[in-house]
Structure formats: structure tokens, C-alpha cells
Amino acid sequence: MGRKAHLLFCTAAVWVAAAAAPAFAQEETPEALPADTAAEAGDDGAIVVTARRREERLADVPTAASVIDITALNDRGGATGSGELLADQPSVRFNNLSSSITSEISIRASSTARATNGDPSVGLYRNGAYIAGGPVGGRNFTRLDMLDIGRVEVLRGTQGALYGRNAVGGAINIISAEPVFDLGGWASARYGFENNSLQLQGAVNVPLGDGIAMRISGDLVEQDKGFFYNPDNDVYFDQQKGHGLRGQIRLKRGPVDAVIMAETQRLTTPAIHYQIFIPAGTPGFPGGYIQDRFRYPWSTAPRASQDVDGLQAIVRVDLGGADLTSTTSFRKRHSEYDLDNDAVSPAELARARAAGEIGALTPLDPSGASYVVDTTDNFSQDIHVSGSADRLTWLVGAEMLLLDSDFSVTTTRTPTLANPSPGNIAPARLHFESYAAYGSLGFDLTDSLNITGELRYTRDSRSITARLYDLGTGLPTGGAARVIDDSINADNLSYNATLSYKLTPDILAYAKVGSSYRAGGFNTRLSDPRAPSPVQVLFGNENSTSYEAGFKGSPVRRGYFAIAGYYTELEDLIAQVDDGCALTNAACPVAAVAYLTNAGDAKSWGIEAEYSQGFDLGEGNGRLAISGSRQGGKVKSGRYDGLDLAQVPDWLASANLNLRLPVTNDVALTSNVLVSGQWGGKQELTATSVDLDDYVLVNLRVGVEVGNLSISAFANNLFDKVYFVAQAPTINRYSQPRVVGVEGRISF
């Protein structure tokens with residue numbers, strides 16, 4: 001951490017020092033319109049966003065973009081995970097794999113990298129800094145990212161020109177609440193009855209002097225029970241315990257506005273869990289072996305943890321006619337999880353054999369387990385300058401990303417006379433360097449017609465060193481196939497061209513074409529030597545070209561709509577497959593290893609729409625937001641030709657209704673209902689894939705506000721819908737049942 005953290009603070013110090021420079025002394029620029037102000041008025045289009053790396057009204061950005069503002073998020077109970085955060089976004093799907101460490105986000109039919117060490121197909125950002133990457137935990141936001149949110153910008157569709165790597169499906173930027181120059185804050189306490197979950201969160205904002213302020217935010221969770229139980233070790237797979245803490249200092253002097261942030265998280269997070277489901281008559285399982293949906297007899301105690309340490313410096317400088325923004329970020333993420341490879345304990349295996357469920361000679365090893373550890377350091381620097389003159393708007397920028405990851409998988413087994421080894425450990429070290437220059441140029445051809453071009457050049461370099469060692473002897477094992485020293489160097493030129501037209505002062509039409517890429521890499525978790533389709537170490541870049549047209553605007557008071565259609569061509573699609581092992585495969589009776597491969601060319605398409613409307617309700621008010629999308633995609637070449645893209649629901653939809661009714665001057669009744677669902681689609685990229693499970697979820701919240709204090713009762717998953725979040729030939733993973741609870745919140 002030393003060299004990169006030192007560089008971060010040196011960079012911040014240089015920019016902050018500029019605050020004293022008299023050459024820059026100018027009038028203070030006005031604050032941007034905050035998201036919650038627009039939300040309270042019911043006008044989403046008036047929200048100021050930085051979707052194109054400069055401040056613009058959402059209604060004026062010619063791309064499919066949404067904003068999750070803090071007021072609307074608090075109305076529905078906040079979010080501590082990506083699934084809750086993104087539940088009402090069109091074309092956005094959270095691929096829930098039961099643990100936040102292995103789960104990920106998909107947008108517009110973009111492919112997923114489930115249970116592998118590949119990068120996501122969506123750019124993940126915190127305060128404008130790229131935070132994804134690394135073998136474990138880098139395809140999803142952390143709980144810490146959800147703490148004290150200011151707003152969330154969701155950009156759908158190819159964003160490669162301005163956001164670079166992996167923004168094939170889009171980009172999501174979580175923007176934390178920054179210090180302000182008034183005393184204030186908030187605190188909340190929430191308790192869930194079914195899982196004994198206690199959550200405490202809060203933030204305090206303190207002005208320290210003229211143009212100086214501090215903000216401290218904290219999160220504490222204690223959940224010692226859950227729904228998925230491991231009786232052999234008396235532990236719940238979905239328990240949580242830990243804390244997060246963030247501190248920020250803001251200095252605003254003349255033309256310079258600087259924020260320095262430090263944050264940390266120590267968290268035991270829900271572990272990977274699944275049910276073994278093998279019907280009777282399956283070879284090796286004459287009576288069938290089906291575990292209870294919520295009790296899994298693992299001999300290996302389930303465990304997952306994720307620790308995060310971050311430093312960030314954001315400096316904004318008004319140069320007079322142009323605005324400069326520098327974002328320097330360092331993030332260390334340490335993730336671990338333990339997995340029972342056979343998902344049975346010795347006692348359970350003996351019982352199942354005696355009952356005729358599992359054959360006497362079926363080769364299962366109850367001591368088989370995997371222990372996965374990853375430490376990823378991510379350092380990034382972005383600097384860009386934007387401005388406008390007459391009919392011209394422009395932006396130029398540069399970015400650097402340095403990523404180092406130490407990753408290992410320890411696999412244990414029962415020693416035998418034929419093979420006395422107790423298992424092996426496979427350590428790997430990944431190094432990634434990426435440098436980019438980008439820019440945009442827009443020109444108003446008329447007062448209503450604009451043309452904008454964006455361009456980005458990226459140079460990537462990746463390298464890996466991986467080995468396999470015997471746990472008993474400590475000596476190298478596995479032969480030449482387990483000695484990996486490889487590297488990839490790649491260049492990419494991404495572009496975006498947009499034509500937009502103001503049909504009326506309140507409605508914008510646009511059409512665009514753009515390209516992006518998803519970085520190739522290495523599969524470091526290699527197969528059992530008996531695997532029918534062994535893991536391939538190397539996979540290359542995925543490139544995409546996308547076409548989009550849409551309309552957006554605010555045709556009625558307090559209303560906002562957006563509709564868009566798109567078509568995307570993908571070259572060398574990066575897809576997740578597995579090595580063919582399974583508990584029912586006599587040749588390789590262990591859990592399958594998933595890996596990434598280039599599966600050929602593909603296409604995806606879709607249409608999406610959203611509408612929000614604020615309204616009066618007697619003396620009170622309300623807000624309704626609805627969204628829906630239809631998407632699909634197929635592989636067009638190679639051995640997967642003709643197959644539907646995996647993990648792409650045919651339909652996604654949501655509706656969110658919030659009501660507030662004053663009773664007296666200081667008392668009001670509140671309610672919120674969020675309905676979300678998915679229908680159709682395939683689980684895997686195979687001809688025999690099962691369908692994705694259809695579901696509709698309803699979250700309900702009712703409460704009362706007394707001054708600045710609110711007390712609410714909530715029921716998440718009100719109708720207790722339990723559905724498959726993932727299915728494999730011998731494995732089922734289930735969603736969380738209903739949780740009922742209470743929450744108190746106070747602001748000051």
C-alpha cells in the first residue's frame with residue numbers, strides 16, 4: 001500500500017496547494033442542483049449528473065441514463081447490496097449467487113463471469129474511480145460502497161469512449177455524499193426479526209471553518225442467524241457481522257474544491273451456499289439424493305469475508321472557461337470464501353449410502369474442500385478538463401489503472417494409499433497496467449440540433465504467474481500444465497458518435513453508435529486433472545459495436561420519461577462455461593470449475609422504458625416510477641452458434657409507489673411499495689440449459705414521521721416468494737425468503 005498511497009496523497013497535496021494560488025482567484029461557482037431537490041419536486045430530468053464526465057441535466061444527456069437519488073432510495077428503505085440498489089432500473093439485472101463476493105451486475109444482455117476471475121461486463125465506479133477487477137469480489141459493489149450515498153448514476157449501453165474497459169453493457173457510478181458547510185447528519189437503526197439482523201448506520205457533517213468541512217459515516221451490522229443453515233458446524237450460511245467507516249475532509253477555496261476520503265470495512269459476509277439435488281435413477285445415486293432447501297450438511301464450515309481499505313482524493317478546479325477534475329484512488333480489497341466441494345459430511349454420506357440414496361461405490365470425498373483467498377490492490381488516476389464556448393463543448397482526459405492481485409485456491413482431499421496427498425494449493429499473481437487518453441467534442445449545428453463525437457485510446461498490459469504445490473510435500477505438482485507464466489498486451493480504440501435533436505424545449509431525441517471492449521485475461525482456478533473439458537488459461541478481448549436510438553424528457557409537470565432501443569454486435573464474446581465435472585460424473589466426481597472462454601460472435605438487442613411522475617394527494621404528495629425492458633441475444637458463430645445468451649431474462653419490470661400524507665404540521669404517514677420481476681431467459685450457454693426462474697417480488701414499507709424522526713415497519717419479499725437464483729446439473733441455489741422488521745431514522 002505504501003508507494004501507491006504516497007502517490008495518492010502527493011497528488012492531492014499538489015492540487016490542494018493550488019487553492020492558495022492568487023492566479024486562480026475567482027468568484028465561487030454555484031452548487032449543482034442536488035438530486036434530492038429535484039426528486040422532492042418529482043422532476044427527475046432536472047437532476048444534475050456527470051454521465052459524460054461533466055455536469056449536465058439528466059434530461060439533456062443523449063444516452064440511456066438513470067439516477068437513483070438518495071430521497072427515493074431512503075423512501076424504500078435504503079440499500080446494503082447491489083440487488084436492493086438496482087431493483088427498479090430498466091435492463092439492469094443483479095446476478096445473485098448467494099454471496100456478494102461472487103455475485104455480479106449485468107446490463108442490456110451483457111455477459112456474466114460467474115464463479116470465475118474475469119472482469120465484469122459493466123464498469124463499476126465509486127466517485128468516478130474504477131473499482132472493479134481482481135479474481136474475487138471485483139464484479140460487484142461492496143457493502144461499504146452503499147454507505148451514505150449521495151446519488152447513483154446508471155448508464156446503460158456501450159460506454160467505452162469515456163469509461164473504457166468493460167463498459168460493454170454500461171457503467172454504474174456510486175457517488176458518496178460529500179461534506180457540506182452546514183452542521184447536520186442522520187442516523188438509522190433497523191432490525192429484521194426472521195434473521196436476527198441489527199443494522200446501525202449514520203453520518204455527521206461538521207463545518208470546521210470558512211470553506212472547510214468534515215463528514216464521518218459509519219455502518220455496523222450484527223446478524224447471527226439466517227435462512228440457510230449448516231447443522232454440522234452450527235452456523236448460518238447467510239449470517240453477517242462487521243463494520244464500515246468513512247471519513248472525509250473538504251476544502252473549498254476560491255476556484256479549488258477538494259475532497260480527501262479514507263474508508264475501511266471489516267465484514268463477515270454471506271457465504272456461498274447451495275442445495276444438492278440429484279433425482280433417483282441417476283448413475284451412482286440409485287435412490288436419488290436431495291437435500292433440504294434450507295439445511296445443507298457440509299463438513300466444511302461455510303465462511304466468507306471481505307475487507308476493504310480505500311483512499312481517494314478528488315480535486316475540482318475552475319480554470320475560468322474550463323473545469324478541471326482530478327480523481328486519485330487507491331483501494332485494497334481482501335476477499336475469502338470456503339467451499340465444501342462435495343457438500344456432504346462423513347456422517348451424512350454414511351447415512352445416505354445406508355439409505356440407498358448414494359451408491360456404495362460412488363466416489364465422493366466428504367473431506368474435499370476449497371479455500372479461496374484474494375488480495376487485490378487497485379490504484380487509479382483520472383484527470384480531465386472540460387469547457388464550452390459558443391456552440392462548442394469539449395473534454396480531454398487521461399487515465400491510468402494499476403492492479404495487482406495475489407490469489408490462491410487451496411483444495412483438500414482424503415489421502416489414500418494410491419494417492420497420499422492431502423491436497424494442493426494453487427497460488428497466482430496477476431499484474432495489470434492500463435493507460436488511456438480520451439476526449440469528446442460537441443457542436444450545436446442549430447439551437448436544437450447537436451452532434452457529438454467521443455474517442456478513447458487504451459493500452460493494456462496483463463501478466464500472470466501461477467503454480468501448483470502439494471500440501472503434503474510442498475513440492476510443485478501437476479506437471480508443465482500447472483506452470484503458467486503468460487502475458488497479454490492489447491490496444492483498443494473506442495468511439496461514440498451521437499446526433500441529438502430537441503423536438504420541443506422539453507423532449508430530446510437522439511441516435512448514437514459506439515464501441516467498447518471487455519478486457520481478456522487468464523483463468524487461474526484450473527481443473528481437476530480428470531476434467532472432460534479442462535480450463536483454458538488464456539482468453540482474449542471481447543469487442544462490441546452498439547446502435548441506439550431514444551427519446552427522453554419532461555412533457556408534463558413533475559413527470560419524466562425515457563425510452564430507448566438498441567442493437568449490439570459482439571466479437572469474441574467472453575462467456576462462462578465449466579469443465580464438465582459434477583458429482584454425478586464418475587470420471588470427475590467433484591464440483592465443476594467455471595471458467596471464461598471466447599465463445600464466438602454474438603448479437604444482443606432490446607427496448608427499455610421508464611417513467612416517473614410526482615403528484616399531489618390532498619394535503620400530501622406521491623411519486624410513481626415504473627420501468628420495463630425486453631431484451632435478448634444469441635451467439636452467431638463457433639461451437640455455441642444459435643444458442644441464447646446466458647443469464648439474460650426476456651423481460652424485466654418494476655414499479656415503485658411512494659406516498660406521504662400529513663396528519664398535523666409535524667406528523668405525516670408514509671408508505672412505499674416496490675414491485676420487481678423477471679420472466680424468461682436461459683441459465684447457461686448450453687443446448688440443454690434450464691430456463692431462468694420467473695419471479696415477482698413485493699417490498700412493502702409503512703411508517704410515521706414526527707418532525708425529523710421516522711419509524712417504519714417493513715416486509716421485504718412480502719409474499720415469501722422463494723425462487724431459483726441459479727441451477728446446475730446437481731445444484732440449486734435459492735433466493736432469500738421474507739424478512740419483516742422495523743426501522744427508526746432521524747435527521748438533524
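The rules behind each value
- Residues numbered from 1 in each chain as written.
- Predicted model: local features only at pLDDT ≥ 70, side-chain atom pairs only at ≥ 80, totals over all residues.
- Heavy atoms only, no water.
- Helix = DSSP H or I, 4+ residues; strand = E, 2+ residues; numbered from the N terminus.
- Rg over C-alpha atoms; globule rule 2.2 N^0.38 Å.
- Buried < 20%, exposed > 50% of the residue type's maximum accessible area, 1.4 Å probe, protein only.
- Areas by Shrake-Rupley, 256 points an atom, 1.4 Å probe, with all protein chains shown as cover.
- Arc of directions from axis to C-beta.
- Contact = heavy atoms within 4.5 Å.
- Patch = residues over 30% accessible without salt bridge, like charges linked within 9 Å, V, L, I, M, F, W, Y side chains within 5 Å.
- Salt bridge = Lys/Arg side-chain N within 4 Å of Asp/Glu carboxyl O.
- Pairing = 2+ DSSP bridges.
- Core = buried A, V, L, I, M, F, W, Y, C linked by side-chain atoms within 4.5 Å.
- Disulfide = S-S within 2.5 Å.

(A) Focus on the overall build of the protein. In terms of helices and strands, the protein carries 6 helices and 42 strands. Relative to the globule expectation of 27 Å for 748 residues, the C-alpha radius of gyration of the protein, 26 Å, shows essentially globular dimensions. Principal-axis analysis of the C-alpha atoms gives the protein an extent of 80 × 60 × 50 Å. Within the protein, the fraction of its 748 residues that count as buried is 57%. Accessible area for the protein stands at about 28,500 Å²; split by element, carbon and sulfur atoms hold 59% of it.

(B) Quick peek at helix 6 (residues 346–354). Taken together, the buried positions of helix 6 are occupied by Glu348, Leu349 and Ala352. All buried residues of helix 6 fall inside an arc of 100° around its axis, so they share one side. Structural note: helix 6 exposes Ala347 and Ala354 on the side pointing more than 90 degrees away from its buried face. Looking at the buried residues of helix 6, the elements they touch are strand 18 (289–290). Looking at the residues trailing helix 6, positive phi occurs at Gly356, about 80°.

(C) Seen up close, a nonpolar patch on the surface. Nonpolar side chains collect at one region of the surface, where Leu392, Leu441, Phe443, Leu445, Ile451 and Leu499 lie side by side and expose about 500 Å² of accessible area between them. Its place among the elements puts Leu445 in the loop between strand 23 (423–444) and strand 24 (449–466).

(D) Focus on the sheet that holds strand 41 (residues 731–734). Taken in spatial order, the 4 strands make up an open sheet running 18-17-41-40, and their pairing is antiparallel. Of all the strands in the sheet, just strand 18 and strand 40 (724–728) have a single pairing partner and so form its edges.

(E) Structural detail: the nonpolar core. If you look at the biggest cluster of nonpolar residues, it comprises 42 residues, and the most contacted ones within it are Leu85 and Ile172. With 4 residues, strand 8 (residues 149–156) is the largest single contributor of residues to this core. Dropping the residues within four chain positions of it, Ile172 is found in contact with Leu86, Ile105, Ile107, Val122, Gly123, Leu124, Tyr125, Phe141, Val152, Glu153 and Val154. By size, the runner-up hydrophobic cluster in this structure holds 32 residues, among which are Val136, Phe237, Leu339 and Phe407.

(F) The pairing of strand 21 (residues 369–389), seen in detail. Most of strand 21 sits out of view: 15 of its 21 residues are buried. In this structure, strand 20 (residues 322–340) lies alongside strand 21, joined through 19 bridges in antiparallel fashion. Looking at strand 21, one finds that Glu336 is bridged to Val373. Where strand 21 meets strand 22 (residues 392–412), 21 bridges bridge the pair, whose relative direction is antiparallel. When the bridges of strand 22 are listed, Ser386 appears paired with Leu395.

(G) Highlighting the state of the cysteines. In the structure shown here, the tally under the stated rule is 1 disulfide. The disulfide bridge from Cys581 ends at Cys588, spanning 2.0 Å between sulfur atoms. Linking Cys581 and Cys588, the disulfide has an S-S dihedral of approximately 75° and is accordingly described as right-handed. Taking the relative accessible area as the measure of exposure, Cys581 reaches 5% and is therefore buried.

(H) The environment of Ala582, seen in detail. Take Ala582: it is sitting in the loop between strand 32 (574–578) and strand 33 (594–598). Owing to a relative accessible area of 14%, Ala582 belongs among the buried residues under this scheme. Placed 166 residues apart in sequence, Ala582 and Thr416 show a C-alpha to C-alpha distance of 21 Å. Those residues in contact with Ala582, other than ones at most four positions away along the chain, are Cys588, Pro589 and Val590.

(I) Structural view of the environment of Val690. Counting through the fold element by element, Val690 comes out in the loop between strand 37 (667–679) and strand 38 (695–706). On the accessibility criterion, Val690 (38% relative accessible area) is partly exposed. When the C-alpha atoms of Val690 and Ala728 are compared, they prove to be 8.4 Å apart, with 38 residues separating the residues in sequence. Not counting residues within four places of it along the chain, the set of residues in contact with Val690 comprises Lys682, Gln683 and Gln727.

(J) Structural detail: unusual backbone geometry. The residue Gln647 is not glycine, and still its phi comes out positive at about 60°. Tracing the backbone shows Gln647 in the loop between strand 35 (620–635) and strand 36 (651–662). In this structure, Asp720 is a non-glycine residue whose phi angle is positive, near 55°.

Honestly, it's all geometry; don't read function into it.
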